[in-house]
Amino acid sequence: VQHDVAIVGAGPAALAAAVATADRGLRTVLLADQDAPWAPNYGGWVDELEGVGLGGYLGPIWSDALLVLGEGDVRSAGRRYARVAKRRLRAALLERCAALGVEVRPVRAHEVTHDATGSTVRAGDDALRVGLVIDASGHKPVFVRRAGEPTAFQAAVGFLGRPAGQPFDAERMTFMDLRTDHVDDELGPAAPTFLYTMPLSPQRVFVEETSLVRAPAVPFGVLLRRLRERLRRMDVVLDEVESTEMCLIPMDTPLPDLDQRVVGFGGAASMVHPASGYLLGRVFGTAPELAATVADGLGRGTPPAEVARRAWRTIWTDEDLRRRELHLFGTRILAGLDADEQRRFFSGFFAMPRDVWAGYLAARGDVASVVRAMSSMLWHSSTRIRWKLLLSGARRPGALLRAAV
Ligand SMILES: Cc1cc2nc3c(=O)[nH]c(=O)nc-3n(C[C@H](O)[C@H](O)[C@H](O)COP(=O)(O)OP(=O)(O)OC[C@H]3O[C@@H](n4cnc5c(N)ncnc54)[C@H](O)[C@@H]3O)c2cc1C
């Protein structure tokens, strides 16, 4: 065996895992098919990102996140939000990999075989003999097997650009501007979208028209037209567009088979939060635990198949599986709301005590607060939403009950 662990990928999950395994003394090789900056404009709640060690890689940080429900109806989340300083984070992770002796190979992994003592990964022209393979190759993984394909997606189109004048308050970001008066297309208010705004400086802004979750996804063309029309109505002119983000996040990817020899991580392991589309908190929070399990198993000479099984159950504990069922239940409801219902839903959601809604959105919030958030929403929602909730639950009552009790 040349290496204890081979990690496939070059995104946040692969680098987080590589640093964590090398930190545990495991001889780690990273098979990264690209050496390019990360494309997405990652963001998240400051307390959550700080909690997983990303506090040094945030900026800008906004003192509050706003929810716009209508003309003059603006609510405050009362919680700090930040953009992830992705270049700085990526550079720091690569530096740490180098310092810890991670071997980085610029190759695309394409085949893997296993036997009782380890695995052989073929990447480019190389064949590497390793103890364990961690596949962090993203939402369409090269090796990880799953029972099916996702059906519901978050879709968004965003501009990073220079606005004329200073149309945005640089102190606060807008988490969701749920107004939909600009919507005049074939999908209409039945497929609601909202604006997500990160004012990066007086001269730079990131604005994104977002469909929280829909099956099938709201097409990029519709999102682009809505974004342009919304900005026109807001009198926002972008003098220059630096980049355009096209975001498509699978929200209900089936769970991987937790008995397979290749361990998945990040998008590859269906770790995206099914109600928000966030992943970074979960990835950086779990990487050290994953590394500890692998180091312990390989260190004791445990058969690799058993190490893989334990690694999977570190990423997907029983508690995680219960939380996921509850979140997926919520996501199916969200995917069916029209514009009015979505406004009412989020008006109620953010009116709950902060620890309750934050617990629902957290990567690993405790199951009790997820249940509390869901019952509170059920209690306070309109009759129509309540029926949707109940009907959706009735379709899979066993799974829901198992998750909730
Ligand atoms: C536009 C966008 C915006 C997002 N915004 C947020 C956000 O604000 N907050 C948040 O928490 N989450 C966000 N997400 C969700 C999630 O965090 C990202 O999708 C995240 O990039 C997933 O991380 P990952 O490392 O699992 O996969 P990826 O970032 O997709 O990385 C996978 C890597 O594997 C490499 N690779 C693929 N196949 C192979 C192979 N065969 N061999 C070697 N390498 C291979 C790819 O080149 C790529 O570098 C966003 C997603 C998108 C698409």
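Residues numbered from 1 in each chain as written. Predicted model: local features only at pLDDT ≥ 70, side-chain atom pairs only at ≥ 80, totals over all residues. Heavy atoms only, no water.

(A) Spotlight on unusual backbone geometry. With an omega of -5 degrees, the peptide bond between glycine 59 and proline 60 qualifies as cis. For proline 60, the location among the structural elements is in strand β4 (residues 58-62). With an omega dihedral of -5 degrees, the bond running from alanine 215 to proline 216 counts as a cis peptide bond. With respect to the element layout, proline 216 can be found in the loop between β15 (204-214) and α4 (220-233). Backbone geometry places aspartate 235, a non-glycine residue, at a positive phi of 60 degrees. Of note in this structure, serine 270 is not a glycine but carries a positive phi near 55 degrees. Looking at the secondary structure, you find serine 270 in the loop between β17 (263-264) and α5 (280-299). You can call serine 270 buried: its relative accessible area is 5%. (Helix = DSSP H or I, 4+ residues; strand = E, 2+ residues; numbered from the N terminus. Buried < 20%, exposed > 50% of the residue type's maximum accessible area, 1.4 Å probe, protein only.)

(B) The pairing of strand β11 (residues 126-135), seen in detail. Of all 10 residues making up β11, seven are buried, and the element is well covered by its neighbours. Here strand β1 (residues 3-8) runs beside β11; their pairing, made up of five bridges, is parallel. Paired with valine 8 across the bridge in β11 is aspartate 135. Between strand β10 (residues 118-123) and β11, which pair antiparallel in sequence order, lie two residues; one of them, glycine 124, sits at a positive phi of approximately 60 degrees. When β11 meets β17, the two strands line up parallel, connected through two bridges. Its bridge partner being in β17, aspartate 135 is matched across the sheet by glycine 264. (Pairing = 2+ DSSP bridges.)

(C) Quick look at the sheet that holds strand β3 (residues 43-45). Here we have three strands laid out as an open sheet, ordered β3-β7-β4, and antiparallel in their pairing. The two strands at the open ends of the sheet, each matched to only one other strand, are β3 and β4. If you compare each strand with its neighbour and ignore which way they point, the axes differ by 30 degrees on average. Where β4 lies against strand β7 (residues 81-84), three bridges are found, and the strand directions are antiparallel. From the neighbouring strand, tryptophan 62 faces β7, where its bridge partner is tyrosine 81. (Axes fitted to C-alpha atoms, helices over the stretch in contact; angles between N-to-C directions.)

(D) Layout of the packing of aromatic side chains. Enumeration according to the criterion identifies 14 aromatic pairs in this entry. Between phenylalanine 349 and tyrosine 360, the ring centres sit 5.8 Å apart and the planes meet at 75 degrees, which makes this aromatic pair edge-to-face. One end of the pair, phenylalanine 349, is in helix α8 (residues 339-349); the other, tyrosine 360, is in helix α9 (residues 354-361), with 11 residues separating them in the sequence. Each member of the pair, phenylalanine 349 as well as tyrosine 360, is classed as buried. Within the aromatic cluster, the residues linked to one another by ring pairs are Trp45, Tyr81, Phe175, Tyr196, Phe345, Phe346, Phe349, Phe350, Trp357 and Tyr360. Note that arginine 282 overlies the ring of tryptophan 316, its terminal NZ or CZ placed 4.6 Å from the centroid. (Phe/Tyr/Trp six-rings, centres within 6.5 Å; stacked < 30°, edge-to-face > 60°. Lys NZ or Arg CZ within 6 Å of the ring centre and 35° of its normal.)

(E) The arrangement of the site of the ligand in detail. Not every one of the 30 residues close to the ligand is listed here, only the nearest: Asp33, Tyr42, Gly43, Gly267 and Leu279. Alanine 13 is positioned with one of its backbone polar atoms (N or O) 2.9 Å from an oxygen atom of the ligand. Leucine 279 is positioned such that a nitrogen or oxygen atom in its backbone is 2.8 Å from an oxygen atom of the ligand. Computed on the free molecule, the ligand has an accessible area of 990 Å², of which 88% lies beneath the protein chains in the complex. Split by residue class, the shell around the ligand holds 16 nonpolar, 11 polar and three charged. (Near = heavy atom within 4 Å. Polar contact = N/O pair within 3.5 Å; in protein donor to acceptor, adjacent residues only side chain to side chain. Areas by Shrake-Rupley, 256 points an atom, 1.4 Å probe, with all protein chains shown as cover. Nonpolar A, V, L, I, M, F, W, Y, C, P; charged D, E, K, R; others polar.)

(F) Region of interest: the sheet that holds strand β16 (residues 238-250). Spatially, seven strands are ordered β6-β5-β13-β14-β15-β12-β16 in an open sheet, and the strand pairing comes out mixed. Sheet topology places β6 (73-76) and β16 at the edges, where each strand pairs with a single neighbour. Geometrically, the sheet is characterised by an average inter-axis angle of 20 degrees between neighbouring strands, direction not taken into account. Sheet topology note: the strand β5 (residues 64-70)/strand β13 (residues 172-177) ladder contains five bridges and is parallel. Residue pairing across strands places leucine 66 opposite threonine 174, the latter belonging to β13. In this fold α8 packs onto β5, β6, β13, β14 (194-201) and β15, with an angle of close to 140 degrees to the strand it touches most, β5. (Contact = heavy atoms within 4.5 Å.)

(G) Structural view of the environment of phenylalanine 153. By secondary structure assignment, the location of phenylalanine 153 is in strand β12 (residues 153-163). Separated by 95 residues in the primary sequence, phenylalanine 153 and leucine 248 place their C-alpha atoms 6.4 Å from one another. For phenylalanine 153, the residues in contact, after removing those within four places along its chain, are Ser211, Leu212, Val213, Arg214, Ala217, Leu248, Ile249, Pro250 and Met251.

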